[in-house]
Amino acid sequence: MSEGERLTELAKRRGFYFPSSSAYGGAAGFWTYGPQGAALKSNIEDAWRDRYVVKEGHQEISAPDVMPEPVFEASGHLDGFDDMIVECGECGATHRADHLVEDNTDIEEAESLPNEEVMDLIAEHGIECPSCHASLADQPVDNFNLMFETNIGPGSSSPGYLRPETAQGIFVEFPQLSEYARNQLPFGVAQIGKAYRNEISPRKSLVRVREFTQAELEHFIDPEEDEPPLAEVEDVVLPLYSAAAQESEDGGQRELTVREAVDEGVVESEWVAYYLGVSREWYERVGVDMDRFRYRQHLAGERAHYASDCWDAESEVDGDWIEITGFAYRGDYDLSKHAEHSGEDYTVFKQYDEPITVERATVDPDMSYLGPEFGGDAGAVADALEALAERNPDAFDDDEVTVEVDGESHTVPVEQTNFSVDEVTENGEHIRPHVVEPSFGVGRIIYTVLAHSYESDEVDGEERTYLDLPPEQAPTTVGVFPLMDKDGMADLATDIAEDLRAAGLSVTYDDSGAIGRRYRRQDEVGTPYCVTVDYESLEDGGAQRASESASGDEPRAGTVTVRERDTTEQKRLPIDGLADRLGRLATGDLTFDDL
Ligand code: AMP
């Protein structure tokens, strides 16, 4: 069984995730997170929020999943958000053409090649339809837009789309969001939400799906002045696989610190380098194995339509590299496009330290002259004169000045324009911020973390499977078991489980089957600690406490065993203070050895 297959089997059996709507035959590319998966997902999202929103001091928003067509006309998605599709002439199945080339040749990034070249490669390598094995040679390779279209309201006059990335929900609202940030750059706006892409061939469970969760941060900066706090991460070591290394015969991955990567120009943007450093630490925190992780720079042909430089965080599973996050320097592309298409102001007013005095050429045309002279065009002529004065004041040096309106030339005596050059004081200027974007795919991170945490060993002569998830991410923090359901052990265990829940811990209570099997169940879902109530717990005072049915505040008599998942080591601990100890173990303030 491959690593991915083993994972999908465990995910379904233990309630991490499974294909959706299978009672009706299912729909490829849609997955339901079960109880364990939903808890893991929300823990990973919380860890993301903690690092990229709270610690960075950014704002978080929640925008709609459906947005009207003009948004995607402006963003470029309507025209450019395509994948390469090839249709089988025999059975009609459709496939991602670049992936077929990657699967059947040594070429790694076929996405960066033009369609014709991909078509030639399919013919040259005799690539067949994976569904019916007919030859795909000579089948056209076309562009397929990945957006899901819908109608807003009845009828079809108002098309809308499910957003293909959460980012547009931030860019579109920039004028409002900038106000909330008191128009002070730099500021960041984050969003965790659903994105939808009508993928041609969904595959590898959570890796390529049609509905997925993104966690995106748009950091708006003044490109002239703002610098990232690089010193905070300058010593973090980055495993970098640059575009140049990918293109050269003997090029490989290099380990450079954030500072070295910037100084050597391997990572061009300091902002991107900063986020590569921050994120390298974050991946480790959530359980990505750093020996199966790298940052890969996009090749020129692979870059998205908006990005000037782009690096992907990639994890290795089953020998394949999976993009888990894209880091893009998007420049002012998005804000310019929305300004151009909407006519709204997508700039920030930047105050100068000291006001400056500049010469400003202006006109104040005499409308009682322009009106009779140019009729319906008079207003447009006045506007054109104003624009010309700003652009080229020298044009007003002669007696007459000529402007064009709708391709027609109009000549006006300069004295009728009331042209003048005055000194004005300026307090600042409007600038268009640039954007740095780390864009995380939550599902792919979950897939990676599960694959990388999957371990097996031998316990009591039997093979055991467990997930060595960081306690902070584990769906359940503590499993609570009565050794047997008799003599008051279940009462005491129920009591303890309630106390632990009241202290904010995520607890599973399990009293079914042999104790060894209960430990294995928790091991398989990555529960870091298990608490067992046994006869000794009753004998050393716990029974009395259970029968008093927990008044709550008094010190607790009695002890329990606490077992650690990875080592299976057990310790006897007092019930009193248990919630506090387990809470500190889960956050890393305490180690099991300290107990
Ligand atoms: P992109 O905008 O293509 O750079 O995507 C940003 C992130 O979203 C990627 O790094 C992935 O983690 C995730 N992602 C993109 N497409 C999919 C998909 N079809 N299924 C799951 N995750 C995806």
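These figures come from a predicted structure and were not determined experimentally. (Residues numbered from 1 in each chain as written. Predicted model: local features only at pLDDT ≥ 70, side-chain atom pairs only at ≥ 80, totals over all residues. Heavy atoms only, no water.)

**Here we look at the overall build of the chain**
Working step 1: Regarding its fold elements, the chain presents 19 helices and 28 strands.
Working step 2: A compact globule built from 595 residues would reach a C-alpha radius of gyration of about 25 Å, whereas the chain, at 31 Å, exceeds it by more than 25%.
Working step 3: With the C-alpha coordinates of the chain rotated into their principal frame, the extents come out at 110 × 65 × 55 Å.
Working step 4: Counting over 595 residues, the chain shows a buried share of 50%.
Working step 5: Partitioning the contacts of the chain with sequence separation of at least 6, the portion at a separation of at least 24 is 66%.
Working step 6: Total accessible area on the chain is roughly 27,700 Å²; 42% of this is exposed by carbon and sulfur atoms.
Working step 7: Across the chain, 47 positive and 129 negative side-chain charges occur, with their mean positions spaced 13 Å apart. (Helix = DSSP H or I, 4+ residues; strand = E, 2+ residues; numbered from the N terminus. Rg over C-alpha atoms; globule rule 2.2 N^0.38 Å. Buried < 20%, exposed > 50% of the residue type's maximum accessible area, 1.4 Å probe, protein only. Contact = heavy atoms within 4.5 Å. Areas by Shrake-Rupley, 256 points an atom, 1.4 Å probe, with all protein chains shown as cover. Lys, Arg positive; Asp, Glu negative; His and termini not counted. Charge placed at Lys NZ, Arg CZ, Asp CG, Glu CD.)

**Points about helix α5 (residues 97-104)**
Working step 1: Turning to α5, its buried residues are Ala97, Asp98, His99, Leu100 and Val101.
Working step 2: Tucked inside the fold, the buried residues of α5 contact β5 (82-87), β6 (94-96), α6 (115-124) and β7 (141-145).

**Describing the packing of aromatic side chains**
Two aromatic rings, taken as a pair, are described by how far apart their centres are and by the angle between their planes.
Working step 1: Inspection of the entire model under this criterion finds 22 aromatic pairs.
Working step 2: Their ring planes at 80° and their centres at 6.3 Å tell us that Phe171 and Phe220 sit as a pair that is edge-to-face. Here the residue Phe171 occupies a position in helix α7 (residues 167-171), and Phe220 occupies one in strand β11 (residues 211-221), the gap between them amounting to 49 residues.
Working step 3: Among the residues examined, Phe171 registers a relative accessible area of 0% and is labelled buried.
Working step 4: Its relative accessible area of 0% is what places Phe220 among the buried residues.
Working step 5: The structure contains a cluster of three or more aromatic residues connected by ring pairs, namely Trp48, Tyr52, Trp282, Tyr283, Phe293, Tyr295, Phe327 and Phe440.
Working step 6: Between the NZ or CZ atom of Arg294 and the centre of the ring of Trp321, over which it lies, the distance is 4.1 Å.
Working step 7: Note that Lys571 overlies the ring of Phe592, its terminal NZ or CZ placed 5.2 Å from the centroid. (Phe/Tyr/Trp six-rings, centres within 6.5 Å; stacked < 30°, edge-to-face > 60°. Lys NZ or Arg CZ within 6 Å of the ring centre and 35° of its normal.)

**So, a negative patch on the surface**
Working step 1: A contiguous patch of negative charge on the surface is contributed by Asp394, Asp397, Asp398, Asp399, Glu400 and Glu415.
Working step 2: The residue Asp394 is located in the loop between α14 (378-391) and β18 (400-405) in this model.
Working step 3: Note on Asp394: relative accessible area 54%, which makes it exposed. (Patch = residues over 30% accessible without salt bridge, like charges linked within 9 Å, V, L, I, M, F, W, Y side chains within 5 Å. Salt bridge = Lys/Arg side-chain N within 4 Å of Asp/Glu carboxyl O.)

**Things to note about the site of the ligand**
Working step 1: Taken together, the neighbourhood of the ligand is formed by 15 residues, with Arg197, Glu199, Val209, Glu323 and Ile324 sitting nearest.
Working step 2: One of the side-chain nitrogen or oxygen atoms of Arg197 is found 2.8 Å away from an oxygen atom of the ligand.
Working step 3: Val209 has a polar backbone atom sitting 2.9 Å from a nitrogen atom of the ligand.
Working step 4: Here the ligand, which alone exposes 480 Å², has 89% of that area covered by the protein. (Near = heavy atom within 4 Å. Polar contact = N/O pair within 3.5 Å; in protein donor to acceptor, adjacent residues only side chain to side chain.)

**Observations concerning unusual backbone geometry**
Working step 1: With an omega of -10°, the peptide bond between Leu185 and Pro186 qualifies as cis.
Working step 2: Along the chain, Pro186 turns up in the loop between α8 (174-180) and β10 (187-196).
Working step 3: Not every positive phi belongs to a glycine, and Ser21 is a case in point at roughly 55°.
Working step 4: When you line up the elements, Ser21 lands in the loop between β1 (17-19) and β2 (31-33).
Working step 5: The phi torsion at Asp138 lies on the positive side, around 70°, for a residue other than glycine.
Working step 6: Structurally, Asp138 can be placed in the loop between α6 and β7.

**Observations concerning the sheet that holds strand β8 (residues 149-151)**
Working step 1: One open sheet holds the three strands; their spatial order is β4-β9-β8, and the pairing between them is antiparallel. Sheet topology places β4 (66-68) and β8 at the edges, where each strand pairs with a single neighbour. Adjacent strand axes in the sheet meet at a mean angle of 40°, parallel and antiparallel pairs treated alike. (Pairing = 2+ DSSP bridges. Axes fitted to C-alpha atoms, helices over the stretch in contact; angles between N-to-C directions.)

**A few points about helix α1 (residues 3-14)**
Working step 1: Its twelve residues give α1 an end-to-end C-alpha distance of 16 Å, which sits within 8% of 16 Å, the value for a rise of 1.5 Å per residue.
Working step 2: Looking at the buried residues of α1, the elements they touch are β1, β15 (309-317), α15 (442-453), β22 (454-459), β23 (462-467) and α17 (515-524). (Expected span 1.5 Å × (residues − 1).)

**Overview of the pattern of salt bridges**
Working step 1: The full count for this structure, using the stated rule, is 41 salt bridges.
Working step 2: The salt bridge involving Arg13 is made with Glu524; its shortest N-O contact spans 2.9 Å. Here Arg13 is found in helix α1, whereas its partner Glu524 is found in helix α17, with 511 residues between them in sequence.

**Quick look at the sheet that holds β7**
Working step 1: In space, the three strands of this open sheet follow the order β6-β5-β7, with antiparallel pairing throughout. Each edge of the sheet is formed by a strand with only one pairing partner; in this case those strands are β6 and β7. In this sheet, adjacent strand axes meet at a mean angle of 45° when their direction is disregarded.
Working step 2: Here five bridges tie β5 to β7, and the two strands are oriented antiparallel to one another. Bridging across to β7, Met84 finds its partner in Asn143.

**As for the side chain of Ser315**
Working step 1: Tracing the backbone shows Ser315 in strand β15.
Working step 2: The class for Ser315 is buried, based on a relative accessible area of 0%.
Working step 3: Dropping the residues within four chain positions of it, Ser315 is found in contact with Arg292, Asp320, Trp321, Ile322, Ile324, Thr448 and His452.

**Brief notes about the pairing of strand β28 (residues 570-574)**
The side chains of a regular strand alternate, residue by residue, between the two faces of the sheet.
Working step 1: Every second residue of β28 is oriented toward a common face, the buried set being Lys571 and Leu573 and the non-buried set Gln570, Arg572 and Pro574.
Working step 2: In terms of strand pairing, strand β27 (residues 559-564) meets β28 through five bridges, oriented antiparallel. Counterpart to Arg563 in the pairing with β28 is Gln570.
Working step 3: Hairpin connection between β27 and β28: a loop of five residues separates the two successive antiparallel strands, and Thr568 in this loop has a positive phi of roughly 60°.

**A short note on the environment of Pro413**
Working step 1: Examined against the element boundaries, Pro413 turns out to sit in strand β19 (residues 408-413).
Working step 2: Between the alpha carbons of Pro413 and Asp399 there is a distance of 5.9 Å; along the sequence they are 14 residues apart.
Working step 3: If we skip the residues at most four places from it in the chain, Pro413 touches Tyr369, Asp399 and Glu400.

**Let's talk about the packing of helix α2 (residues 35-54) against α15**
Working step 1: Look at α2 against α15: their axes get within 10 Å of each other, and the N-to-C directions meet at 110°. Classified by the interaxial angle, the pair formed by α2 and α15 is roughly perpendicular. Taking contact as the criterion, the partners of Leu40, Lys41, Ile44 and Glu45 in α2 are, on α15, Val442, Ile445, Ile446, Val449 and Leu450.
Working step 2: Considered class by class, the residues forming the contact of α2 with α15 number seven nonpolar, no polar and two charged. (Parallel < 35°, antiparallel > 145°, perpendicular 65-115°, else oblique. Nonpolar A, V, L, I, M, F, W, Y, C, P; charged D, E, K, R; others polar.)

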